[in-house]
Amino acid sequence: MARLMSCSSRSARRVFSVVCELLLLVCGCWANTDCKLNSGSFCACTVQSDGSTLDLSPISKSGGTPYFQGIKGAAGWHYDYDPCAPFVEKNCKTKDVLICQGGAAVCGRDTSIQIEITGSNPDKGTITYGNGDELRKAPRKTVISFTCDPSQEAKFTSTGEAPGGTYNFALNSKHTCLKHPTPPPPSTTKTTKPPPAPPTTSPHRTPNKNHVSLGTIMCICLLMAVIVYMAGGFGFMYVKREARGLEAIPNFELWKTVPGLIKDGAMFIVQKIKGLRGGRGGGSYESL
């Protein structure tokens, strides 16, 4: 009994692993995309996959004064923030401060910046600043969720503080909209068409090896459906019905009769063929 339980447990873990991999494969397209900071900038970045750019320099001040000042947050704290230019304030005296909590503590420095674009919605993303002053033996950090809003110059608000020293903000602005690269203009140079190639001696066309046929797509869909059916059914039988071993296979009683049904069908066809050879045109299903 213990050996059977151990085998069933390993089978369940394998099924769970397959299901997780399938979910990761399906959801991979929804993952966030990194926007790599441009050289020498703290607020301009480029998406490597398509060349889109983000530039927050229009909502930044130079000269050591933050663009956003006195932003009201939780517990009566006020925050100052500049996305591009570090500034110095009371108790935020290092030269790498980008967000400061009421002149009392650094909540994010230019030495730790990560910008991500939301995979399912390129008009949204996050900016994460780390390496803030320690709070309960862990560095503070700030997460700013930005949204592209063409009607807004810049609206910066606090959305709360999470346990562990994580400060959350929202930034709505037309300057947080991604700028996509302009496609090159069509070429006006006239090109000379090459002479037509002579006909080949073979009457058959060479198949395109990169083409995925409809049959291949249907086979992939069928395989995915079988995997989901087996994994989901096994999980249901194992957890809800507490079935173990072969009994955990979904619809096991039905599948157990399939070989016998195939045999009966084959024998029926053989009997019909023998009947036709012997001159019997009709006949009914005979007991085997």
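Just so it is clear, the model here is predicted, and its values are computed rather than measured.

A short note on the environment of Gly 108
Alright, step 1. Looking at the secondary structure, you find Gly 108 in strand β8 (residues 105-109).
Alright, step 2. Judged by its relative accessible area of 0%, Gly 108 falls in the buried class.
Alright, step 3. As a C-alpha pair, Gly 108 and Gly 132 span 24 residues in sequence and 4.6 Å in three-dimensional space.
Alright, step 4. Discounting chain neighbours no more than four positions away, the residues touching Gly 108 are Asp 96, Val 97, Leu 98, Ile 99, Tyr 129, Gly 130 and Gly 132.

A few points about the side chain of Arg 140
Alright, step 1. Looking at where Arg 140 falls in the secondary structure, it is placed in the loop between β12 (138-139) and β13 (141-148).
Alright, step 2. The side chain of Arg 140 is buried and forms no salt bridge, while Asp 133, the nearest opposite charge, is found at 5.1 Å.
Alright, step 3. In this structure Arg 140 touches Gln 101, Ala 105, Val 106, Cys 107, Gly 130, Asn 131, Gly 132, Asp 133, Glu 134, Leu 135, Gly 165 and Tyr 167, once residues within four positions along its chain are discounted.

Quick look at the packing of aromatic side chains
Alright, step 1. By the definition in use, this model includes nine aromatic pairs.
Alright, step 2. Ring centres 5.8 Å apart and planes at 55° place the aromatic pair Tyr 79 and Tyr 167 in the tilted group. Placement of the pair is Tyr 79 in strand β5 (residues 78-81) and Tyr 167 in strand β15 (residues 166-173), with a sequence separation of 88 residues.
Alright, step 3. With a relative accessible area of 2%, Tyr 167 lands in the buried category.
Alright, step 4. On the numbers, 4.9 Å between centres and 25° between planes, the contact of Tyr 81 with Phe 156 is stacked. Of the two residues, Tyr 81 is situated in strand β5 and Phe 156 in strand β14 (residues 155-162); the sequence distance between them amounts to 75 residues.
Alright, step 5. Under the relative-accessibility criterion, Tyr 81 is labelled buried at 0%.
Alright, step 6. Clustering of aromatic rings is evident, with ring pairs tying together Tyr 67, Phe 68, Tyr 79, Tyr 81, Tyr 129, Phe 156, Tyr 167 and Phe 169.

Here's the deal with the pairing of strand β7 (residues 92-101)
Alright, step 1. Counting buried positions over the ten residues of β7 gives seven, a clear majority of the element.
Alright, step 2. Across three bridges, β5 lies against β7 in antiparallel orientation. Paired with Tyr 81 across the two strands is Ile 99, which belongs to β7.
Alright, step 3. The pairing of strand β6 (residues 87-89) with β7 spans two bridges and is antiparallel. In the sheet register, Glu 89 faces β7, and the bridge partner there is Cys 92.
Alright, step 4. Relative to β8, β7 runs antiparallel, the two sharing four bridges. For Cys 100, the partnering residue across the bridge sits in β8 and is Val 106.
Alright, step 5. Once β7 ends, the chain turns through three residues before running back antiparallel as β8, passing Gly 102 with a positive phi of about 50°.

Topic: the nonpolar core
The tendency in soluble globular proteins is for nonpolar side chains to be buried as a group.
Alright, step 1. Formed by 28 residues in total, the largest nonpolar core has its most connected members in Leu 54, Tyr 81, Ile 115, Ile 127, Ile 144 and Phe 156.
Alright, step 2. Looking at this core, the elements with two or more residues in it are β2 (44-47), β4 (68-72), β5, β7, β9 (113-117), β10 (124-129), β13 and β15.
Alright, step 3. With residues near it in sequence (within four places) discarded, Ile 144 still touches Tyr 81, Gly 125, Thr 126, Ile 127, Tyr 129, Phe 156, Phe 169 and Leu 171.

Here's the deal with unusual backbone geometry
Alright, step 1. The phi torsion at Asn 131 lies on the positive side, around 60°, for a residue other than glycine.
Alright, step 2. A relative accessible area of 39% places Asn 131 in the partly exposed class.
Alright, step 3. Residue Arg 136 is not a glycine yet carries a positive backbone phi of 55°.
Alright, step 4. Residue classification places Arg 136 among the exposed residues on the basis of a relative accessible area of 67%.

Points about the environment of Asp 82
Alright, step 1. Looking at the element boundaries, Asp 82 is found in the loop between β5 and β6.
Alright, step 2. Overall, Asp 82 belongs to the buried group, its relative accessible area being 0%.
Alright, step 3. Distance from Asp 82 to Gln 69, taken between C-alpha atoms, is 8.7 Å for residues 13 residues apart in sequence.
Alright, step 4. Dropping the residues within four chain positions of it, Asp 82 is found in contact with Ser 60, Lys 61, Thr 65, Pro 66, Tyr 67, Phe 87 and Leu 98.
Alright, step 5. A polar atom in the side chain of Asp 82 sits 3.0 Å from the backbone nitrogen of Cys 84.

Calculation criteria
Sequence order sets the numbering: in each chain, residues are counted from 1 along the sequence as written. Two thresholds apply to this predicted model, a pLDDT of at least 70 for residue-level local features and 80 or more for giving and counting side-chain atom pairs, whereas whole-chain, interface and lining totals are computed over all residues. Heavy atoms from the whole structure form the basis of all side-chain values; hydrogens and water molecules are not counted. Strands here are runs of E lasting at least two residues and helices are runs of H or I lasting at least four, both read from the DSSP assignment and numbered beginning at the N terminus. Buried means the residue's accessible area, taken with a 1.4 Å probe over protein chains only, is under 20% of the maximum for its type, while exposed means over 50%, and partly exposed covers the values in between. Whether two residues touch is decided by their heavy atoms; if any such pair falls within 4.5 Å, the residues are in contact. Positive charges are assigned to Lys and Arg, negative charges to Asp and Glu, while His and the chain termini are left out of the count. Each salt bridge in this description consists of a side-chain nitrogen of Lys or Arg and a carboxyl oxygen of Asp or Glu lying within 4 Å of one another. Note on aromatic contacts: the rings of Phe and Tyr and the six-membered ring of Trp form a pair at centre separations within 6.5 Å, being stacked when their planes are under 30 degrees apart, edge-to-face when over 60 apart, and tilted otherwise. When DSSP finds at least two bridges between two strands, those strands are taken to pair. Residues belong to one nonpolar core when they are buried, are Ala, Val, Leu, Ile, Met, Phe, Trp, Tyr or Cys, and are joined through side-chain atoms within 4.5 Å. Two N or O atoms count as a polar contact when they lie within 3.5 Å, although within protein this holds only if one can serve as hydrogen donor and the other as acceptor, and sequence-adjacent residues are included solely when both atoms are side-chain atoms.

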